[in-house]
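Spelled out from the first residue to the last, the chains are:
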Amino acid sequence: MALNVLVVDDSSVMRAMLIRTLRMTGLPLGEIHQAAHGAEALQILDRHWVDLALVDINMPVMNGEEFIDRVRDTPELRDLAIIVVSTESSQTRISKIQRRGARFVHKPFTPEMLRDQVMAMTGVSYAQPSGSGTGLGGHRDL
Amino acid sequence: MRNPLAAELASAAIATFEQLAFLPAEVLEDPDEPDGQVTASCRVRFRGPASGALEMEVAGDFLGELAANMLGLEGEPGETERRDALGEITNVICGNVLPHLGGPTAVFDLSPPEVFPHPLPPCARPDGRLAYLALAVGGGRAAIRLRVYG
């Protein structure tokens, strides 16, 4: 199964980093969509099938917590796999996110950390990258 | 490093540069401020159990390498990519050092990074410097300050 992924972060650099990291993991990827905040992400979810959302917390217009609440309160979307990727360190906020059925990856993260959470959240497995040709050039550990 | 908060700041900064940008970083024992050589700067303000800002000033030309590594670019990154990369790095360091200020359950709100192509404009509250750190990063240098007001 190829995962259609939605990356939600107000930083274009972080969106690009997350997409690049996803491609390094060897996970089967389908369409990749991007949104700069929660409201834009909801619009994309209205028009496209998405299997997994990677979501920041601190964003303008609609932050990550409100986005998760809106998704979980919408019958057609409530089962969406969500992983929060954030600098957030408060156990109070992280626990609240986890109670809403989302997983958490703390920035800074390694490709393995992201891959493991995606696998645990979606049940997909990955093809072991073989180095060149996988986008892994210059990176460690995978 | 005798200041425990400076040690946590160093740990957060080094991990962030290495994991997000694949740039080795090490603490400089000579912690002079990089006056007159600053090529870019960034400030992230925070509010919560304590209010303040994390500030970073960089000297030398490593922002190109920083942005290229973060984005996986083959060519030379543009000015926007460099600024965004500096902002994101500062934001992540700030988020990682705050638990050491307010405890593991404290909730802080961070403002979007303010990035400048020159030294930081004077802070309205120049007092309250809790920790200072100078790092050698790539071919340049970063000075990082944690300020807390009140």
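What comes next concerns the included structure. Computed from a predicted structure; not experimentally measured.

The rules we used
Residues numbered from 1 in each chain as written. Chains lettered and ligands numbered in written order. Predicted model: local features only at pLDDT ≥ 70, side-chain atom pairs only at ≥ 80, totals over all residues. Heavy atoms only, no water. Helix = DSSP H or I, 4+ residues; strand = E, 2+ residues; numbered from the N terminus. Buried < 20%, exposed > 50% of the residue type's maximum accessible area, 1.4 Å probe, protein only. Contact = heavy atoms within 4.5 Å. Areas by Shrake-Rupley, 256 points an atom, 1.4 Å probe, with all protein chains shown as cover. Rg over C-alpha atoms; globule rule 2.2 N^0.38 Å. Buried area = accessible area lost by both parts, 1.4 Å probe. Salt bridge = Lys/Arg side-chain N within 4 Å of Asp/Glu carboxyl O. Polar contact = N/O pair within 3.5 Å; in protein donor to acceptor, adjacent residues only side chain to side chain. Nonpolar A, V, L, I, M, F, W, Y, C, P; charged D, E, K, R; others polar. Core = buried A, V, L, I, M, F, W, Y, C linked by side-chain atoms within 4.5 Å. Pairing = 2+ DSSP bridges. Axes fitted to C-alpha atoms, helices over the stretch in contact; angles between N-to-C directions. Phe/Tyr/Trp six-rings, centres within 6.5 Å; stacked < 30°, edge-to-face > 60°.

It is worth spelling out the overall build of chain A at this point. Within chain A one finds five helices and five strands. Along chain A, from the amino end to the carboxyl end, the secondary structure elements read β-α-β-α-β-α-β-α-β-α. Taking all 142 residues of chain A together, 53% fall into the buried category. For chain A, restricting intrachain contacts to residue pairs at least 6 apart in sequence, the fraction spanning at least 24 positions comes to 65%. As displayed, chain A offers around 6,200 Å² of accessible surface, 46% of which is attributable to carbon and sulfur atoms.

For the rest of this paragraph, the subject is the overall build of chain B. Each helix and strand in chain B was counted, giving four helices and seven strands. Sequence-ordered secondary structure for chain B, helices as α and strands as β, is α-β-β-β-α-α-α-β-β-β-β. Here chain B has a C-alpha radius of gyration of 14 Å; the compact-globule value for 150 residues is 15 Å, and the two agree. Each principal axis of the C-alpha atoms in chain B carries an extent, and together these give about 45 × 30 × 25 Å. Across the 150 residues that make up chain B, the buried fraction comes to 51%. Across chain B, the fraction of contacts at a sequence separation of at least 24, relative to all contacts at a separation of at least 6, is 69%. Looking at chain B as shown, the accessible area adds up to about 6,500 Å², and 50% of this sits on carbon and sulfur atoms.

Moving on to the side chain of B:Thr16. Structurally, B:Thr16 is set in helix 1 (residues 4-21). With residues near it in sequence (within four places) discarded, B:Thr16 still touches A:Pro108, B:Ala21, B:Ile89, B:Val92 and B:Ile93.

Our focus in this paragraph is the interface of chain B and chain A. Taken together, the contact pairs 26 residues of chain B with 22 residues of chain A. Surface buried jointly by chain B and chain A totals about 2,000 Å² across both partners, of which 57% is contributed by carbon and sulfur atoms. At the boundary of chain B with chain A, the tally comes to two salt bridges. Across the salt bridge formed by B:Asp109 and A:Arg93, the nearest N and O atoms sit 2.7 Å from each other. At the boundary of chain B with chain A, the tally comes to 14 residue pairs in polar contact (both at pLDDT 80 or more). Contributing elements (two or more residues each) for the side of chain B that touches chain A: helix 1, helix 2 (63-71), helix 3 (79-97) and strand 4 (109-110) of chain B. When its residues are assigned to classes, the side of chain B that touches chain A shows 13 nonpolar, eight polar and five charged.

A:Leu54, B:Phe17, B:Leu66 and B:Ile93 are the most contacted members of the largest nonpolar core, which has 65 residues in total. Per-element accounting of this core gives the leading share, nine residues, to helix 1 of chain B. Non-local contacts of B:Leu66, meaning those with residues more than four positions away in its chain, are made with B:Phe17, B:Ala21, B:Leu23, B:Ala85, B:Leu86 and B:Ile89.

Residue and element names in this part refer to chain A. Overall, parallel pairing links the five strands, which are arranged 2-1-3-4-5 in an open sheet. The open sheet has two free edges, formed respectively by strand 2 (29-35) and strand 5 (103-106), since each of these has just one partner strand. Recorded for the sheet is a direction-independent mean angle of 20° between the axes of neighbouring strands. Relative to strand 5, strand 4 (residues 81-86) is paired through four bridges, and the arrangement is parallel. The residue bridging Ile83 from the neighbouring strand is Arg103, located in strand 5. On the sheet, helix 1 (residues 12-24) packs against strand 1 (3-8), strand 2, strand 3 (52-55) and strand 4 and is oriented at approximately 170° with respect to strand 2. Seen against the sheet, helix 2 (residues 38-47) touches strand 1 and strand 2 and runs at an angle of roughly 140° to strand 2.

With that settled, the discussion passes to the pairing of strand 6 (residues 129-137) of chain B. All names here are of chain B. Strand direction decides the pairing type here: strand 1 (residues 25-27) and strand 6, joined by three bridges, are antiparallel. Its bridge partner being in strand 6, Val27 is matched across the sheet by Leu135. Looking at chain direction, strand 6 and strand 7 (residues 140-149) are connected through eight bridges and run antiparallel. Of the residues in strand 7, the one forming a bridge with Arg129 is Arg147. Connecting the antiparallel pair strand 6 and strand 7 is a turn made up of two residues, with Gly138 showing a positive phi of about 50°.

Residues and elements named next belong to chain B. Here Phe116 lies in strand 5 (residues 114-116). Taking C-alpha positions, Phe116 is 16 Å from Arg141, a pair spaced 25 residues apart along the chain. Ignoring any residue separated from it by four or fewer positions in sequence, one finds Phe116 in contact with Ala40, Ser41 and Pro121.

All names here are of chain B. Throughout the structure, instances matching the rule amount to two aromatic pairs over all chains. Between the aromatic rings of Phe17 and Phe62, the centroid separation amounts to 6.3 Å while the plane-to-plane angle is 70°, which identifies the pairing as edge-to-face. With Phe17 in helix 1 and Phe62 in the loop between strand 3 (51-59) and helix 2, this pair connects stretches of sequence that are 45 residues apart. In this pair, the class of Phe17 matches that of Phe62, namely buried.

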